[in-house]
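# Survey of secondary and tertiary structure
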Amino acid sequence: MKERIGVYICHCGGNISDYVDVEKVRQAVEHETGVAMARTTVFACSDANQNDMVEDIRTHNLDGVIVASCSPKLHLTTFRNVTERGELNKYTYVHTNIREQASWAHSDDKEGATDKAIRLVKAAIAKSRYAEPLHPNLFEAEKTIAVIGAGIAGMKAAASLADKQTEVLLIEKEHRVGGHTATWGPLAMSEESGSALTERIYNDLLRRENVTIMNGTEVISSKGSIGNFTLKVRKRPLKEGDPVETAEFTVGSVVVATGFDSYQPKEGEFGFAQSDNVITLPDFRHLIDHAEGKELIYNGKKIRNIAYIYCVGSRQTNGENSYCSRFCCTSAIHASILAKKRFGKINNYHLNRGIRTYGKQELLYAESLALGDLYLQWAEETPPAVVTEGKKTTITLRDILSANRDLELEADLVVLVTGMVPRADNKVGTLFKLPKGRDRFFNEVHMKLRPVETVIDGVTIAGSCQGPKNISESVNSALSAATKSYSLISKGTLETEPIVAEVNSDLCSWCGKCAEACPFDAILQQEVGGKMVAVVNNSVCKGCGMCAPVCPPDAINLINYSSEEIMSMIDALA
Amino acid sequence: MNEEKKIIHYDALVVGGGIAGGEAALNLANSGYRVLLVEKERSLGGKMILLSKVFPTLDCSACITTPKVSEIARHKNITIFTESEVTTIDKRSENDFVAQITKKPRYVHVEDCTACQLCEQACPVSVRDEYQQGLIGRKAAFIPFSIANPKAAAIDIENCTLCGACEKVCPTHCIDFTMQPEQFELHARTVVMATGFNLFDPLEIPRYGYGQHKNVITSMQMEREIAPTRPFNTILRPGDGKVPDKIAYVLCAGSRDASVGNPICSQICCMYSIKQAQLLMGALPMADVTIYYINIRSFGKGFEEFYQQAKGMGVSFVKGKIGTIKEKENGNLILRYEDISEGVVKEAEHDMVVLSVGVKSNPDAGKIFPQGALKLDPHRFVAQTDLMGSPAKTSIDGVFVAGTASAPMDIPDSILSAGSASSEAISYIKQHQEA
Ligand SMILES: Cc1cc2nc3c(=O)[nH]c(=O)nc-3n(C[C@H](O)[C@H](O)[C@H](O)COP(=O)(O)OP(=O)(O)OC[C@H]3O[C@@H](n4cnc5c(N)ncnc54)[C@H](O)[C@@H]3O)c2cc1C
Ligand code: SF4
Ligand code: SF4
């Protein structure tokens, strides 16, 4: 039982103290049983306060520490580490959230917020008194890393890992590598073509002995967790009749770089699939990349007037894809400049929703304006109408830039500037249980603090599978993911949280309910002492507690959440 | 001047201790390399540590920066020099980058200072507080800001009158006017340049009236007014302390404007303005906020949704370029602009105007290397010589660039760029390891 607990109540700048009277909280808890000292602090997480805490642990001989501050998602680890620096067992640290749960939730009721904060801190004190020291599970990590997807991001991640003397498996489901980039001609903001760039990087990979490139290969199952993922892969037959080969590999970490799909317009969306004159941006790129001669010919017709309709499949305020696809304004303008420069006599009309050539890409927009391209802007409520009669395609729109005038223009070719959507094939996401964001792309743990990590330990995300990105942004993200995966396992030994479920095998008689409830497949059926029981795989269990309440004989306990701890917390809250 | 030059060895030199430099240093250190992180200011954290909340998640910036900074400061593989200048870096071989570093005296022994602030109270000299963007004053003996790292007093020797008042009250006797600049010669195997960006100086556009009209402020000043460590307890206009109720934002101030020599888009100002507008709507529920823009560039993950959310909260968006800003006798401001959707020139009155100043390059990066060795782009950012294949590479093999030193970018992109630079730096060290 802890007798000398130190309690810190954080102002969080004003995030907490604007609504919660932190001094009142301090006074309310300082004489609670077991509390040796209680303090308020402006920023508990600041270096200065962390140092003070370590000092306090020593001088006040504390045996337990509580910080009442923000969400444990943000700072549980921070303060556990402080506790450890003060030479206490870090798992005895108790965190309580009075920012999201008291201050922000009750910003309309300061007294109520303060009262709730007091109860939360008292509950934390009750828990802290019973907190037992725990020790992390240590195990050896496999040092090979798998990269799934060999587009530009996957190839760069593999190269970067190989540079760090790591064995790499680069797994690509297509029979060729390079993803979308390999199919592009000249790239915006670069002198190189997409195909030359991918070839350069591919050749660089071929020179490395520690990269195994497996194309035409799909991952069909994954077992285990950080340090020891067992991946089963299947080689797709090149032609019918070839044997289907499967193989198994063990890797320590996985970089997912499965990329994106191009948005496919629906039939009738801006005249798509109703007229041959309406094509998508990728189609247009292929057309100009492969066109020969001095004229741009499409379907046997000379092309003079091209209308580009922007944001197709993106920025749908009330639709499926509410996000901006980020790359497409620049990409469309770049393609339009290419067309104009190569084929002459081309008139470009850009029917946009506000051009987003951010950063240095702005210079492309300026160049296009200088070339005499016309920009018209429409609002989401009044989209342009595309009508084809015979060979003639006419577009009508209300142009914001000319005081909302209704305009009509004729185009030989209509290019739908289609955005990025998440891969329809989500096998990899399902295998690793990767969570998705509102935009349905894979989600990172924290956009700023942990942008390439996922909640699945050991699985990082690179490139556009996390959200729309251009090539150079994808490469930055790929190298970040590679570094993260590398640093996770390069030390060889890994620690996992000791806060896991524990099965009392005397009580268990294997009904399988817990295994069904577990979202992480951490529960296995095993024979122990002559009968079948449930066994928890400690390195997979996340301590979420889903299993405990469904167990009919109450055989499952969650370490660190003993009945004593929970009951005394409930008493304190009441 | 202390004549003795100390010779030191590290695996990597990181120049600049903003979020990009800090992240790069951490990645290197976590992979087992010893890093020297050199920052010219008195605290780590760059611009980010001074921000209010960050788009599009509205996380409190201090709450995510301070622990990161604390992790950097405590890392056993990282040594930090603040108030230090890298004067030159010379590449002697693939493995040997030699940097000359001057560590300026702080006149306070940081290890002994308890940040009790007694010196601050004793000091008779008041000057503008640069960390609060000049909104309030500070003393010549002062703690830079409450979440600065290191958190210790410093003496601003340029403004100090050497009266000795601080020295007398300091309980730990850590103030020491005899401190001298220290010289170091560093040998490192790789270099990461993370020297960040400068804000556009709005005095370059006189028609906006910054510096003349009292209630025209910059976005960085507004950032301070709404930060948790804000200078005042509320939001107020500097002219007369009135709480504003009709606030205007002027986007692209000094960006996308060839007439001030900056034709590129700054990439962050649309979003931080939308963020500030949302925070203002929360803090001053009765206030009107209008954003005057050319295009809204909400292109990142969750950004477009954040923009739509601002519209839903009642922030007005007016597509129009501001011609001039005039001041009325009561301190209010008259904005003359072309309303693009109506095609007419209009005037609007606001009681406070925020200039969403853009991102300019920091010329320091180019100056550190011998004449022209580190190539800059036309905007004087560090040139990325393989933008598509290896965005962190520069014209010098073994020198990598992280964050806004190479181009305007927001925090998530700065962090990814730092990840990329540190990855390349680790690969470079591994490849040039002496057998
Ligand atoms: C008003 C405003 C609001 C913003 N809001 C947001 C937001 O909400 N969300 C978001 O994502 N982004 C926001 N940003 C952008 C964000 O500030 C930048 O993306 C980020 O700070 C870039 O980090 P950096 O490390 O590259 O540069 P900096 O923060 O500029 O850091 C560079 C560091 O290097 C140091 N340095 C410079 N030269 C030298 C030298 N020669 N020697 C040693 N050290 C040197 C500097 O002192 C500084 O500490 C905002 C920016 C502004 C101006
Ligand atoms: S980048 Fe441009 S075209 Fe693409 S979705 Fe965004 S605004 Fe629309
Ligand atoms: S981000 Fe927005 S405000 Fe900033 S320069 Fe670009 S368009 Fe202008």
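Residue positions are given per chain, counting from 1 as you read along its sequence in written order. Ligands are numbered from 1 and chains lettered from A, in the order in which they are written. Thresholds applied to this predicted model are a pLDDT of at least 70 for local features of residues and 80 or more for the giving and counting of side-chain atom pairs; totals over whole chains, interfaces and linings are not thresholded and use all residues. The side-chain quantities take in all heavy atoms of the structure and omit both hydrogens and water.

## Things to note about the overall build of chain A
Note the following rule: Put simply, DSSP H or I for four residues or longer makes a helix, DSSP E for two residues or longer makes a strand, and each gets a number counted from the N terminus. Buried residues are those whose accessible area, probed at 1.4 Å on protein chains only, stays under 20% of the maximum for their type, while exposed residues exceed 50% and partly exposed ones sit between those limits. By definition, residues are in contact when any of their heavy atoms lie within 4.5 Å. As used throughout, the charge tally considers Lys and Arg to be positive and Asp and Glu to be negative, leaving His and the chain termini uncounted. All charge positions are set by atom: Lys at NZ, Arg at CZ, Asp at CG, Glu at CD.
What chain A contains, in helices and strands, is 14 helices and 30 strands. Principal-axis analysis of the C-alpha atoms gives chain A an extent of 85 × 65 × 45 Å. In chain A, which comprises 574 residues, the share counted as buried stands at 56%. For chain A, the share of sequence-separated contacts (at least 6 apart) that also reach a separation of at least 24 residues comes to 68%. The distance from the centre of the 64 positive side-chain charges to the centre of the 72 negative ones in chain A is 4 Å.

## Digging into the site of ligand 3
The following threshold applies: For each residue, the test is whether any non-hydrogen atom lies within 4 Å of the molecule or strand; if one does, the residue is near.
Every residue close to ligand 3 is listed here: Leu251, Cys252, Ser255, Arg256, Cys265, Ser266, Gln267, Ile268, Cys269, Cys270, Asn295 and Arg297 of chain B. Counting residues per element, the ones that place at least two in the shell around ligand 3 are strand 17 (246-253) and helix 6 (269-283) of chain B.

## Looking at the interface of chain A and chain B
Defined as follows: Buried area adds together the accessible area that both of two parts lose upon being put together, with accessible area traced by a 1.4 Å probe. Basic side-chain nitrogens of Lys or Arg form a salt bridge, by our definition, when they fall within 4 Å of a carboxyl oxygen of Asp or Glu.
On the chain B side, the residues contacting the 74 residues of chain A number 72 residues. Together, the buried faces of chain A and chain B total about 5800 Å²; carbon and sulfur atoms form 56% of this surface. Three residues stand out in chain A for area buried against chain B, namely Lys360, Met447 and Lys448 of chain A, and they jointly supply 13% of the buried area on that side. Between chain A and chain B we count 10 salt bridges in total. A salt bridge links Arg200 of chain A to Asp386 of chain B; the nearest nitrogen and oxygen atoms lie 2.8 Å apart. Taken together, the elements giving at least two residues each to the side of chain A that touches chain B come down to helix 2 (47-59), helix 3 (72-85), helix 6 (152-163), helix 7 (194-206), helix 10 (362-370) and helix 12 (471-489) of chain A. A total of 10 residues in the side of chain A that touches chain B trace back to one element, the largest contributor, which is helix 12 of chain A.

## Topic: the site of ligand 1
Residues and elements named next belong to chain B. To keep it simple, the criterion reads: Any N or O atom pair separated by 3.5 Å or less is treated as a polar contact, with the protein-specific requirement of one donor-capable and one acceptor-capable atom, and with residues adjacent in sequence counted only for side-chain atom pairs. Accessibility throughout is a Shrake-Rupley quantity obtained with a 1.4 Å probe, and a residue counts as covered only by protein chains that appear here. For this classification, the nonpolar set comprises Ala, Val, Leu, Ile, Met, Phe, Trp, Tyr, Cys and Pro, the charged set comprises Asp, Glu, Lys and Arg, and every other residue, Gly included, is treated as polar. Each domain's extent is set by a domain assignment, obtained either automatically or from a database.
Neighbouring residues of ligand 1: 37 residues in total, closest Glu39, Lys47, Lys275, Thr404 and Met409. For ligand 1, a nitrogen atom lies 3.0 Å from a polar atom in the side chain of Asp364. For ligand 1, the accessible surface in isolation is 1000 Å², of which the surrounding protein chains cover 98%. Going through the elements one at a time, helix 1 (19-30), strand 4 (53-54), strand 15 (197-199), helix 5 (219-225), helix 6 and helix 9 (411-431) are the ones with two or more residues in the shell around ligand 1. Split into classes, the residues belonging to the shell around ligand 1 amount to 17 nonpolar, 11 polar and 9 charged. Inspection of the shell around ligand 1 shows a minimum of three residues originating in each of domain 1 (6-104 + 181-196 + 362-431) and domain 3 (200-359).

## Considering helix 1 of chain B
Residues and elements named next belong to chain B. Counted only if it meets this: Multiplying one less than the number of residues by 1.5 Å gives the expected span of a helix.
The first and last C-alpha atoms of helix 1 sit 16 Å apart over 12 residues, in line with the 16 Å expected at 1.5 Å per residue. Counting buried positions over the 12 residues of helix 1 gives 11, a clear majority of the element. Along helix 1, the positions that sit buried rather than exposed are Ile19, Ala20, Gly21, Gly22, Glu23, Ala24, Ala25, Leu26, Asn27, Leu28 and Ala29. Gly32 lies just past helix 1 and shows a positive phi near 95 degrees.

## So, the sheet that holds strand 22 (residues 405-411) of chain A
All names here are of chain A. As a reminder of what qualifies: Think of it this way: DSSP has to see at least two bridges between two strands before they count as a pair. For helices, the fitted axis covers only the stretch in contact; all axes are lines through C-alpha atoms, and the angles between them, taken along N-to-C directions, range from 0 to 180 degrees.
Read from one edge of the open sheet, 3 strands run 20-21-22, paired in antiparallel fashion. With partners counted over all chains shown, the strands left at the sheet margins are strand 20 (385-389) and strand 22, one partner each. Taken over all neighbouring pairs, the strand axes of this sheet differ in orientation by 20 degrees on average, direction set aside.

## As for the side chain of Gln183 of chain B
Turning to its location among the elements, Gln183 of chain B is positioned in strand 13 (residues 182-188). Here Thr102 of chain B takes part through its side chain, which lies 3.3 Å from a polar atom of the side chain of Gln183 of chain B.

## Considering the domain arrangement of chain B
Residues and elements named next belong to chain B. The domain boundaries assigned to chain B delineate domain 1 (6-104 + 181-196 + 362-431), domain 2 (110-169) and domain 3 (200-359). Distance from the C-alpha centre of domain 1 to the C-alpha centre of domain 2: 27 Å. Across the contact, 12 residues belong to domain 1 and 12 residues belong to domain 2. Here domain 1 and domain 2 share an interface that buries about 940 Å² over both sides, 61% of which is from carbon and sulfur atoms. On the domain 1 side of the interface with domain 2, the three residues burying the most area are Arg42, Ser43 and Leu50, jointly 59% of the side's total. Along the contact surface separating domain 1 from domain 2 lie 1 salt bridge. Here Arg42 and Glu130 are joined by a salt bridge, their closest N and O atoms 3.3 Å apart.

## Quick look at the pattern of salt bridges
Evaluation of the coordinates by the stated rule reveals 61 salt bridges over all chains. For Glu192 of chain A, the salt bridge identified is with Arg200 of chain A, shortest N-O distance 2.9 Å. Among the salt bridges present, the one from Arg326 of chain A reaches Glu473 of chain A, with a minimum N-O distance of 2.9 Å. Remark: Glu473 of chain A occurs in helix 12 and Arg326 of chain A occurs in the loop between strand 17 (305-312) and helix 9 (328-343); sequence separation between them is 147 residues. Classification of Arg326 of chain A by relative accessible area gives buried; the value is 9%. Owing to a relative accessible area of 13%, Glu473 of chain A belongs among the buried residues under this scheme. The structure contains a network of salt bridges with shared partners spanning Arg42, Glu83, Arg106, Glu130, Arg138 and Asp156 of chain B.

## Re the nonpolar core
How we decide: By nonpolar core is meant a set of buried Ala, Val, Leu, Ile, Met, Phe, Trp, Tyr and Cys residues that side-chain atoms within 4.5 Å join together.
Core analysis: the biggest nonpolar cluster contains 112 residues, and Val7 of chain A together with Leu13 and Ile89 of chain B have the highest contact counts within it. Not counting residues up to four positions away in its chain, the partners in contact with Leu13 of chain B are Leu36, Val38, Ile89, Ala99, Leu186, Ala188, Thr190, Val191 and Val192 of chain B. Of all hydrophobic cores here, the second largest spans 56 residues; its members include Ile296, Phe303, Val353 and Val354 of chain B.

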